[in-house]
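Summary of structural features
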Amino acid sequence: MSMWFAVLHVLGILSLSCCTFGSELNVPTPISCGTRAVDLPDARQLVLCPANCTLWTLSVFGSGVYASISSICGAAIHRGIINLSGGPVEVHGLQGRTNYLSSYAHGVQSQSLSQWSSSFTVARTISLPLEVSSQTSSSATVAGNKSKKPIKKPVKKAPPAIPNRDCPVDMALLLDGSYNIGQRRFNLQKNFVSKLAVMLKVGTPGPHVGVVQTSESPRTEFYLTNYTTAKDVTFAIKEIPYIGGNTNTGKAILHTVRNFFNPDFGVRRGYPRVIVVFVDGWPTDNVEEAAVLARESGINVFFVSVAKPSPEEFNLVSDQDFMRKAVCKDNEFFTFTMPSWFSTNKFVKPLAHKLCSIDQMLCSKTCYNSVNLGFLIDGSSSVGDGNFRLVLDLLVSIARSFDISDIGSRIGAIQFTYDQRMEFNFNDHLTKDNALRALQNIPYMSGGTATGDAINFAVRSLFKPRTGSNRKFLIIITDGQSYDDVRVPAMAAQREGITVYAVGVAWAPMEDLKAMASEPKESHVFFTREFTGLAQFQQPIVRGICRDFTEFN
């Protein structure tokens, strides 16, 4: 039987090569039971599976989305598109992916596969002019080609969607696949989420989207980099099968935090991470533990509630504050409600706008909102009041790049000569406007230069008091030789977990700057002959801080 199966497989491939396959999508090309998607010449094609393929041992890899080395007819049986009688199957080629999932369906056990270079899905045809036949003959195709072909008008192809660069987020969409929602509303939910993906303009370097289905046990449908265009994402969403089961939302959030947001599955460093939870009704498990883990992991949880429980159903809801406990922060930004899954077009744009409002994603631990920046400013007499203002301009431009708040990044400043003066610490100014204003208004001291003592003072007085879990950075700006040792204090600061940037002007010795700066020296030391040259260092320093933050995390 195995030899006969191999012969049928070869005949199937030959039938593909001898036919004008793809010229008419409504004319199916007969294939054998063993023909694989990788054997097809075009990305989208209509094929005709013979009868009795269930009698053969067919290789199928994946569930819903299949690796292209899978048998097309085997995948169609597994998906429920055809049965023992065979029939027409529409094949859609897709990009490769990782983690093809195994499952048992319709008498076919598919296998898992860690990775493959191309994929496909199968679908039923809308209409078919030919009767289903179990013969692997090309006569039907020939007969079909004799009919008069309609005159085709040239159709202008729409330009490909441009990814939304203003929405650089990694997003997991948690679809409700429970018994609460049912098959019909599940399909309406998929339609809504597909429109959302289009509105978000999925693609690199914009938003990346993956899907997890919430039910009795959560299931990852696809990861962030499996589909990187809105078109591919919408097609993949369309193919997601309904599971059913309890609405274990907390379990799904835990699964997403622990298993979905993984660098191995395409998570990008430094990008805000978002979980969008769709719930039809209410969860059947506890979401609080999962929400705490998400917040501690720097993930923003949004909650989209559809068809809220009615007053008579409240006694069925175990925790009526589930939305408030589940979201990133209870400030109404992270919650969204819709009355039902019908007439939802008007909700697509406002939800997409929320999901791209990165400046309000308070739970993301990024380099912009999870750092403490200490500024150590040389106020010696060699600087002068005019140049001192240029130093402050640089520091203000650096600080302006960060999200300064009581739950975000913070800044503190020390001015030094022979003495040190705490201008303000990390807890003094907890809004961005106030912090920038305080930095800009620091008065010039004038005096000598004792940089080593100033570093010790910063470690002891600015960084040592508990300032949360933010990553610590110290930016030192000086214009001359220090009268004391800088190497030992700088090493002590770095042992405390403080990353040091050294910025020198005019007569600042390069040896001192390198002694103070963290490794690698070439990316943590900056020097200019003139104070007017300081402005050029704003972007390199901000980028360096983000690079250090990313590597640390």
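Okay, so let's go over this structure. Throughout this description, residue numbers start from 1 for each chain and increase along the sequence as written. Per-residue local features are limited, in this predicted model, to residues with pLDDT of at least 70; the limit for side-chain atom pairs, both in listing and counting, is 80 or more; totals at the level of whole chains, interfaces and linings are taken over all residues. Computation of side-chain values: all heavy atoms of the structure, hydrogens and water removed.

Observations concerning the overall build of the protein
Within the protein one finds 15 helices and 20 strands. Taking all 553 residues of the protein together, 54% fall into the buried category. Should any heavy atoms of two residues lie within 4.5 Å, those residues are counted as being in contact. Within the protein, contacts between residues at least 6 apart in sequence are counted, and of these 76% link residues at least 24 apart. Helix and strand definitions follow DSSP, with helices as H or I runs of at least four residues and strands as E runs of at least two, each counted in order from the N terminus. Think of it in three bands: with a 1.4 Å probe and only protein chains considered, a residue is buried below 20% of the maximum accessible area for its type, exposed above 50%, and partly exposed in between.

Comments concerning the state of the cysteines
Defined by distance alone, a disulfide is two cysteine sulfur atoms within 2.5 Å. As enumerated under the stated definition, the model contains 4 disulfides in all. Between the sulfur atoms of Cys49 and its disulfide partner Cys73 the distance amounts to 2.1 Å. Since a negative S-S torsion denotes a left-handed disulfide, the Cys49-Cys73 link at about -100° is left-handed. With Cys49 in strand β2 (residues 44-49) and Cys73 in helix α2 (residues 72-79), the pair connects residues that are 24 residues apart, well separated along the chain. A single burial state applies to Cys49 and to Cys73, both of which are buried. Across the disulfide from Cys367 sits Cys546; the S-S distance is 2.0 Å. Taking the torsion about the sulfur-sulfur bond, which here is approximately 70°, the covalent link between Cys367 and Cys546 counts as right-handed. Of this pair, Cys367 sits in the loop between α9 (345-355) and β15 (371-378) while Cys546 sits in helix α15 (residues 538-552), and the two are 179 residues apart along the sequence.

Topic: unusual backbone geometry
Of note, the amide linkage connecting Thr204 to Pro205 takes the cis form, showing an omega dihedral of 5°. Along the chain, Pro205 turns up in the loop between α4 (182-200) and β10 (208-214). With a phi angle near 60°, Asn99 is a residue other than glycine that sits in the positive phi range. Turning to its location among the elements, Asn99 is positioned in strand β5 (residues 87-100). Of the residues examined, Asn99 reaches a relative accessible area of 23% and is grouped as partly exposed. Unlike most non-glycine residues, Ala506 shows phi in positive territory, near 60°. Topologically, Ala506 is positioned in the loop between β19 (498-505) and α14 (510-516). You can call Ala506 buried: its relative accessible area is 12%.

Focus on the environment of Ile77
On the secondary structure map, Ile77 appears in helix α2. In the structure, Ile77 is positioned 24 residues away from Cys53 in sequence and 8.5 Å away in space, judged by C-alpha atoms. Look past the residues within four positions of Ile77 in its chain and what remains in contact with it is Cys53, Thr54, Leu58, Ile82, Ala105, His106 and Val108.

Brief notes about the side chain of Arg268
For Arg268, the location among the structural elements is in the loop between α6 (249-260) and β12 (273-280). You can call Arg268 buried: its relative accessible area is 13%. At 2.9 Å, the side chain of Arg268 forms a polar contact with the backbone oxygen of Gly206. Contacts of Arg268, omitting those with residues within four sequence positions, involve Val169, Asp170, Pro205, Gly206, Pro207, His208 and Arg273. N or O atoms within 3.5 Å of each other form a polar contact, as long as, within protein, one can give a hydrogen and the other can take it, and as long as residues adjacent in sequence are counted only when both atoms are side-chain atoms.

Comments concerning the sheet that holds strand β1 (residues 29-30)
Two strands make a pair as long as DSSP finds a minimum of two bridges between them. Spatial strand order, β1-β2-β5-β8-β4-β3: 6 strands in an open sheet with mixed pairing. Where the open sheet ends on each side, the last strands, each with one partner, are β1 and β3 (62-63). Relative to strand β8 (residues 113-123), strand β4 (residues 65-67) is paired through 2 bridges, and the arrangement is antiparallel. Across the sheet, the residue bridging to Ala67 is Ser119, located in β8. Axis geometry follows a simple rule: fit a line to the C-alpha atoms, using only the stretch in contact for helices, then measure angles between N-to-C directions, giving values from 0 to 180 degrees. Sheet strands touched by α2: β2, β3, β4, β5 and β8. Its angle to β8, the strand with the most contacts, is close to 70°.

Remarks on helix α11 (residues 432-440)
Listed in full, the buried residues belonging to α11 are Ala435, Leu436, Ala438 and Leu439. End-on view of α11: buried residues confined to an arc of 160°, all on one side of the axis. Its buried side turned inward, α11 meets β15, α10 (385-400), β16 (410-416) and β17 (420-424). The arc in question is traced by the directions running from the helix axis to the C-beta atoms.

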